[in-house]
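Structural description and commentary
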Amino acid sequence: MKDIYICQKAQRAMGEIEKVIIGKSRIIRQVMTAIIASGHILIEDIPGVGKTTLALAFSKVLGLDYQRIQFTPDVMPADIVGFSVYKPEIGSFEYQKGGAMTNLLLADEINRTSPKTQSALLEAMEEGKITVDGITRELPQPYVVIATQNPIGSIGTHSLPESQMDRFMIRISMGYPDYESEVSMLKQGRVNVAIDQIIEKITAEELIEIRQEVEEIYVHEDIYRYIVTLANATRNSRNLDLGLSPRGTIALLRMAKANAYLSNRTYLIPEDIKQVFFVTAGHRVIKSKEAKIQRKANGDILKEIMKSVPLPKGNQ
């Protein structure tokens, strides 16, 4: 690891966010892991558990420009990518930025907008650039999308198809706070006051440097084979109709590298894969009819698969 100081700053950044998002250190680490792994995050949860606050806190602590789009049925692709407006005074068209032109975009309730608008955002996420009127523009770097969707009240919503869910590196659920954490939240007072008190711990430039260091984490041949064996086990499971895709195995590797980085290691161990496997793979697999009848959860199926795959020989 070239700069242990920057790694320590990443750990302090998580501590800073915990001042606002109380009692959710595991969730904060998962989001930070995905961000430094150059991925995007999908939060699937009920309203009022702190999804917007989490995104805003990360943007402030990481020194990122922040935009929020509240997705509704009337949001158009141009609201995402921008559009050109004719300016008579200069006799030409001028580009007007869309919501995607930022470092951290909160796509709130992404399932409430049309599939066409969803596709515009997901294309920007995948390619890191947008095209308007034949002109391609690079998105600011680093670029992170935190999308949310509410699993309750699905009337009038458009669920993301599997091919688009696959574009998110992880899917998480924040859940309710525990008893003591909720008491601390009440004592804390207004959320916006708490956010005003947290400070930037990492610059956007340092985040880019961290992402480069994550890419350099060493991976042994046996670890590569362990990841592919896990993926094949999901594809051959009788409980799953759809297993982990090759994009999913790449995401799993990148998440595991980022987890190793946050653990102050320059190399990967099987425990890194175990820690990120469920949030990385859970939204990429589809249960079989048999598993649905037996009311098996994705997490339980993946736990069975994890137990069935032996660790690399040097780690047994």
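Residues numbered from 1 in each chain as written. Predicted model: local features only at pLDDT ≥ 70, side-chain atom pairs only at ≥ 80, totals over all residues. Heavy atoms only, no water.

**Some details on the pattern of salt bridges**
Summed over the entire model, instances satisfying the criterion amount to 12 salt bridges. Here Lys-9 ties to Glu-206 by a salt bridge, and the two come within 2.8 Å at their closest N and O atoms. Taken together, the residues Lys-9 in helix 1 (residues 4-17) and Glu-206 in helix 9 (residues 204-215) connect sequence positions 197 residues apart. For the pair formed by Lys-9 and Glu-206, the shared burial category is buried. Note that Arg-265 and Asp-272 form a salt bridge whose closest N and O atoms lie 2.7 Å from each other. Residue Arg-265 shares its accessibility class with Asp-272, and that shared class is buried. (Salt bridge = Lys/Arg side-chain N within 4 Å of Asp/Glu carboxyl O. Helix = DSSP H or I, 4+ residues; strand = E, 2+ residues; numbered from the N terminus. Buried < 20%, exposed > 50% of the residue type's maximum accessible area, 1.4 Å probe, protein only.)

**A look at the sheet that holds strand 2 (residues 66-70)**
The sheet built from 5 strands is open, its strands ordered 2-5-8-1-9 with parallel pairing. The strands lining the two open edges of the sheet, one partner per strand, are strand 2 and strand 9 (170-172). Each adjacent strand pair in this sheet contributes to an overall mean axis angle of 15°, direction not counted. In this sheet, strand 8 (residues 144-149) lies alongside strand 1 (residues 41-44) in parallel orientation, the contact comprising 4 bridges. The partner of Leu-42 across the bridge, within strand 8, is Ala-147. Contacts from helix 3 (residues 51-61) reach strand 1, strand 2, strand 5 (104-108) and strand 8, with the element oriented near 175° to strand 5. (Pairing = 2+ DSSP bridges. Axes fitted to C-alpha atoms, helices over the stretch in contact; angles between N-to-C directions. Contact = heavy atoms within 4.5 Å.)

**Notes on the pairing of strand 8**
For strand 8, the tally of buried residues reaches 6 of 6 residues, placing the bulk of the element in the interior. Burial along strand 8 is two-sided: the face carrying Val-144, Ile-146 and Thr-148 and the face carrying Val-145, Ala-147 and Gln-149 are both buried.

**A few points about the packing of aromatic side chains**
Where two aromatic rings form a pair, the distance of their centres and the angle of their planes describe that pair. Within this structure, the stated rule accounts for 1 aromatic pair. Between the NZ or CZ atom of Arg-137 and the centre of the ring of Tyr-95, over which it lies, the distance is 3.8 Å. (Phe/Tyr/Trp six-rings, centres within 6.5 Å; stacked < 30°, edge-to-face > 60°. Lys NZ or Arg CZ within 6 Å of the ring centre and 35° of its normal.)

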